[in-house]
Amino acid sequence: MSAGVAPFERVLIAGIGLIGSSFALALRRAGVAKQIVAFDHTPAHIDEALHLGIADEAGNDPALAAGADLVVLCVPVGACGKVAAKLAPHLSEGAIVTDVGSVKQAVIRDVAPVLPPHVHFIAGHPIAGTEHSGPAAGFAELFDGRHCILTPAEGANPEAVARLQTAWEAVGSRVTIMSAEHHDRVLAITSHLPHLIAYTIVGTATDLEEHMQQEVIKYSAGGFRDFTRIAASDPVMWRDVFLNNREAVLEMLGRLHEDLGLLARAIRIGDGATLEEKFATTRAIRRGIIAAKQA
Ligand SMILES: NC(=O)C1=CN([C@@H]2O[C@H](COP(=O)(O)OP(=O)(O)OC[C@H]3O[C@@H](n4cnc5c(N)ncnc54)[C@H](O)[C@@H]3O)[C@@H](O)[C@H]2O)C=CC1
Ligand SMILES: O=C(O)C(=O)Cc1ccc(O)cc1
């Protein structure tokens, strides 16, 4: 049991994929959930969650939410509103409802209005994941040492926010609280745009003629390999991220276009000083990230 954290009686994970199953396993590891139940619409995921011992009960009946004091929406961003509406009639008085979606303003827009007034909705996003999906991809250590951002609405119940924060800390995360708008702008540049670039570059390479494709695979130990890992991420999840964080992603994409234009010009006119200066700056940023991780 995690020191000082009162366990939840019944935790409902709605969407027992990579993040849902990892959270369930991490809660178990921390001993902060007496009972874990899974709600999902994929029969194979329900079976796997039971078979792998991720959940004590699992099914596609929204009444599974009855009696839960913590409900975690772990479905793609575009499905959060629909799933919350299904669970809503079964939610207990005082339950904390949260989510793990990669976009926050759209989830809050879709979920908050469909919930009854007797629950506490606090949106959240663990900054931890992989390119894999489904219950079998989950692991208890996923959130260890990783950030988790909570974006409570103004006027959210402070005890509920604190309780949710202790749950994320119990599973190993470092919690930060910020506005949903700020979250969406920060994640647009740090996560959403990098995924868009990876999907694009792998797609562009694949469009090249057959003999080049073989060479792409053969020499993919270079930087391209990292892009292929990211570009293997779940298509539905990422479709929903881009459709639901449209404004911030398009703003960052515009800035990227401008910077790419400057680099293209420097290459065309042989301006080595500009290229070197740019690359020296980005190297310092990378080293700063590594140093901050080690601190
Ligand atoms: N994959 C990643 O690296 C990260 C994902 N996230 C967020 O976590 C959420 C879940 O992502 P993953 O766990 O990666 O996805 P996943 O594809 O592994 O799991 C999603 C689960 O939700 C179920 N589901 C989908 N729509 C449903 C519906 N309408 N009703 C009931 N069940 C439904 C699916 O059957 C599946 O079991 C997404 O919102 C994503 O933005 C957050 C951080 C990292
Ligand atoms: O696998 C990777 O490199 C990731 O970037 C994982 C990830 C994907 C989506 C998120 O919202 C947060 C983390």
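Residues numbered from 1 in each chain as written. Chains lettered and ligands numbered in written order. Predicted model: local features only at pLDDT ≥ 70, side-chain atom pairs only at ≥ 80, totals over all residues.

Engineer: Help me get a handle on the site of ligand 2, residues and values and all.
Structural biologist: Taken together, Ser102, Ile127, Ala128, Gly129, Thr130, Glu131, Ser191 and Ile230 make up the full set of residues adjacent to ligand 2. Looking at the shell around ligand 2 residue by residue, the class counts come to three nonpolar, four polar and one charged. (Near = placed C-beta within 6 Å. Nonpolar A, V, L, I, M, F, W, Y, C, P; charged D, E, K, R; others polar.)

Engineer: Describe the nonpolar core, and please don't skip the residues or the numbers.
Structural biologist: If you look at the biggest cluster of nonpolar residues, it comprises 66 residues, and the most contacted ones within it are Ile13, Ala14 and Val71. For this core, the leading source of residues is helix H1 (residues 18-30), giving seven residues. There are two domains that each give this core at least three residues, and those are domain 1 (11-178) and domain 2 (183-294). Ignoring any residue separated from it by four or fewer positions in sequence, one finds Ile13 in contact with Gly20, Phe23, Ala24, Ile36, Ala38, Ala55, Val72 and Cys74. (Core = buried A, V, L, I, M, F, W, Y, C linked by C-beta atoms within 7 Å. Buried ≥ 20, exposed ≤ 12 C-beta atoms within 10 Å, placed from the backbone. Helix = DSSP H or I, 4+ residues; strand = E, 2+ residues; numbered from the N terminus. Domains from an automatic or database assignment. Contact = placed C-beta atoms within 7 Å.)

Engineer: Lay out the site of ligand 1 with the relevant residues and their values.
Structural biologist: If you check the shell around ligand 1, you find 28 residues, and the closest are Gly15, Gly17, Thr42, Gly129 and Ser133. Residue assignment for the shell around ligand 1 shows that the elements contributing at least two residues are H1, helix H3 (80-87) and helix H9 (235-244). In terms of residue class, the shell around ligand 1 is built from 13 nonpolar, 12 polar and three charged. Each of domain 1 (11-178) and domain 2 (183-294) gives at least three residues to the shell around ligand 1.

Engineer: Describe helix H6 (residues 180-207), listing the residues and the values that go with them.
Structural biologist: At Ala188, H6 shows its maximal kink, close to 55 degrees. Taken together, the buried positions of H6 are Ala180, His183, Asp184, Leu187, Ala188, His192, His195, Leu196 and Ala198. Buried residues along H6 sit in contact with helix H4 (105-111), strand S6 (120-126), strand S7 (147-151), helix H8 (223-231), H9 and helix H10 (246-269). (Bend = angle between axes of the 7 residues up to and from the residue.)

Engineer: For the confidence of the model for the chain, give the residues involved together with the corresponding values.
Structural biologist: Low pLDDT means the predicted coordinates in that region are not meant to be read closely. Predicted confidence across the chain gives a mean pLDDT of 94, with 98% of residues reaching 70 or more. Confidence, expressed as mean pLDDT per element, reaches its minimum in the chain at helix H7 (residues 210-218) with 73 and its maximum at strand S4 (residues 70-73) with 99. Scored as a whole, the predicted complex attains pTM 0.95, and scored at its interfaces, ipTM 0.99. (pLDDT = per-residue confidence, 0-100.)

Engineer: Please give an account of the sheet that holds S4 that cites residues and values.
Structural biologist: What the eight strands build is an open sheet, ordered S3-S2-S1-S4-S5-S6-S7-S8; its pairing is mixed. The sheet terminates laterally at strand S3 (57-59) and strand S8 (174-177), the two strands that pair on one side only. Across the sheet, the mean angle from the axis of one strand to that of its neighbour is 20 degrees, orientation sign disregarded. As paired strands, strand S2 (residues 36-39) and S3 are joined by three bridges and run parallel to one another. When the bridges of S3 are listed, Val37 appears paired with Glu57. Contacts from helix H5 (residues 158-170) reach S4, strand S5 (96-99), S6, S7 and S8 within the one sheet, and its direction differs from that of S6 by about 30 degrees. (Pairing = 2+ DSSP bridges. Axes fitted to C-alpha atoms, helices over the stretch in contact; angles between N-to-C directions.)

Engineer: Give a detailed account of the packing of H6 against H8, specifying residues and quantitative values.
Structural biologist: Contact geometry for H6 and H8: axes closest at 8 Å, N-to-C directions at 110 degrees. Considered as vectors, H6 and H8 are oriented roughly perpendicular to each other. In this structure, H6 uses Pro194, His195, Ala198, Tyr199, Ile201 and Val202 to contact H8, whose residues at the interface are Phe227, Thr228, Ile230 and Ala231. Here the residues of the contact of H6 with H8 sort into eight nonpolar, two polar and no charged. (Parallel < 35°, antiparallel > 145°, perpendicular 65-115°, else oblique.)

Engineer: Which residues make up the pairing of S7, and what are the values?
Structural biologist: Consecutive side chains of a regular strand alternate in pointing toward one face of the sheet and then the other. Within S7, four of the five residues are buried, which leaves the element mostly enclosed by the surrounding structure. Note that S6 and S7 share four bridges and pair antiparallel. Each residue of the ladder has a partner; that of Ala123, found in S7, is Thr151. Pairing of S7 with S8, which is carried by four bridges, proceeds in the parallel orientation. Bridge pairing links Ile149 to Thr176 in S8. For the crossover that starts at S7, traverses H5 and ends in the parallel S8, the hand is right-handed. (Right-handed = clockwise from strand over helix to strand, strands pointing away.)

Engineer: Got a sec to walk through the domain arrangement of the chain? Specific residues and values, please.
Structural biologist: Along its sequence, the chain is carved into domain 1 (11-178) and domain 2 (183-294). Each of domain 1 and domain 2 was reduced to a C-alpha centroid, and the two centroids are 30 Å apart. Contacts between the two partners involve 14 residues from domain 1, matched on the other side by 16 residues from domain 2. Secondary-structure elements contributing two or more residues to the side of domain 1 that touches domain 2 are H4 and S7. Of the residues belonging to the side of domain 1 that touches domain 2, the class tally is six nonpolar, six polar and two charged.

Engineer: Please provide a residue-by-residue account of the pairing of S5, values included.
Structural biologist: Of the two faces of S5, the one holding Ile96 and Thr98 and the one holding Val97 and Asp99 are both buried throughout. With four bridges connecting them, S4 and S5 associate as parallel partners. Bridging across to S5, Leu73 finds its partner in Asp99. For the segment spanning S4, H3 and S5, crossover handedness is right-handed. For S5 and S6, the ladder comprises three bridges, and the chain directions are parallel. Its bridge partner lying in S6, Thr98 is registered against Ile122. What joins S5 to S6 is H4, and the crossover it makes is right-handed.

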